[in-house]
Each structure stands twice: as structure tokens, then as C-alpha cells.
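Understanding the architecture of this molecule
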Amino acid sequence: PPHVESKEAQYVFGALGSWKSSIWASYAEMYRQTRTPGIFRVISTEPERAYVANEAYPTWRENVVITEVDDWNTLLIAGEAIKADHSSDDWLVLDTIGYVHDWTRDEWFVQNWDMDWLDVRAKGNIQKTMQEVGQHNWTRINTIYSRWLRDLCFSFKGHRFAVAQSKDFTDWDKPDGF
């Protein structure tokens, strides 16, 4: 991979409601209080989540820029905009990154199977469908996801902060699972 100047990188993993988003919001507040240069450039995949995390800090708009995304295409646009306009003092915040993998999977299924993941799950037998898709295709999906993440993170000169929600991997085949 290309050389990237060593900056802080934090990855926070936890259950829903475990204050993961509040961590980066408190960092942004500390930056404001100490007049440390840097903008927190947030790609938010959950509507309103990033705004709620900042409610306790009245001056949060001084150094936090939130871009809400809701699918693969808006995610790509947000990433390109951040890559084009940031400094080495800035923070890239991905909140929450788990949805990005879901969107990668959905985009791949639409392009290659002409159906989205909900259609796949609606077929009833997820395990049989997974076998039909084949492991090599899951590798392709993971590669697309990794390429997007690597491209954004390696081109970002500042600090990185990613939030991921935990899921029980034993529930993957249930209707409300992933």
C-alpha cells in the first residue's frame, strides 16, 4: 500500500446504544475547548445519529461537518468530497461502518443477480441461496468493500475513527438478522 503518515486511528465496536458515537463527538468538543485545529468530517449512515451525538455540545458546528448517506452511491459521493477537501489535522469519522458492507452486498446483488438482498432473503432458504451465490462471489463483495475503505483511508491525511455495531453472527439466517 502507499505510504501514509502515521496518524491516530480508532475503531469502536459495541452494542446499539453503547455511546460509540458520543466518543468522537466528545473528541470534537475537546478540540474546540483547546483550540486544536481540525475538522471532524463525519460520514453518517444512520439518520440523525451524528446530530444526536452532538446535542450536548452547543458549539459543535464549529468543527463538525456531517454528511448523511443512505446507500452505496451517496456513500461514494461523500467519500470523494472528503478526499478532495481535508487537512492532516482533520478526522475522518465513519459512523457506522457496518452498513457500508451491507450496501456493498446489496449493490453487488442488484448488478449481478438483478435482485437486492431482501429479495434473496425472501426466497426462504438462505443457506441454499448462499450456496447458489457461491463463496467466490462473497469474496468479490468483500473485495469491493475493502477497496472502498482502503482507498478512502489511505488517501485521507488526517486521523480516522470508525464505529461498528455488534451483531450476533449466529442469527444471520433469521429474517431480522443481517
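Everything discussed here concerns the structure shown above.
So, a few notes on the structure that sits alongside this text. Predicted model, so just to flag it, every value in this text is computed and none were measured. (Residues numbered from 1 in each chain as written. Predicted model: local features only at pLDDT ≥ 70, side-chain atom pairs only at ≥ 80, totals over all residues. Heavy atoms only, no water.)

All right, on to helix H4 (residues 98–113) then. Here H4 spans 22 Å end to end across 16 residues, near enough to the 22 Å set by a 1.5 Å rise per residue. Among all positions in H4, only Val100, Asp102, Trp103, Thr104, Arg105, Trp108 and Phe109 are buried. (Helix = DSSP H or I, 4+ residues; strand = E, 2+ residues; numbered from the N terminus. Expected span 1.5 Å × (residues − 1). Buried < 20%, exposed > 50% of the residue type's maximum accessible area, 1.4 Å probe, protein only.)

The phi angle of most residues is negative, glycine excepted, and most peptide bonds adopt the trans form. Here the amide bond leading from Asp95 into Thr96 is cis, since omega sits at 0 degrees, within 30 degrees of zero. Of note, Thr96 is situated in the loop between strand S4 (91–95) and H4. A positive phi angle, close to 55 degrees, is found at Arg35, a residue other than glycine. With respect to the helices, strands and loops of the structure, Arg35 is situated in the loop between helix H1 (20–34) and strand S2 (40–44). Judged by relative accessible area, which is 77%, Arg35 ranks as exposed. Its identity as a non-glycine residue notwithstanding, Glu48 has a phi of 75 degrees, on the positive side. Relative to the elements of secondary structure, Glu48 occurs in the loop between S2 and helix H2 (49–53). Taking the relative accessible area as the measure of exposure, Glu48 reaches 47% and is therefore partly exposed.

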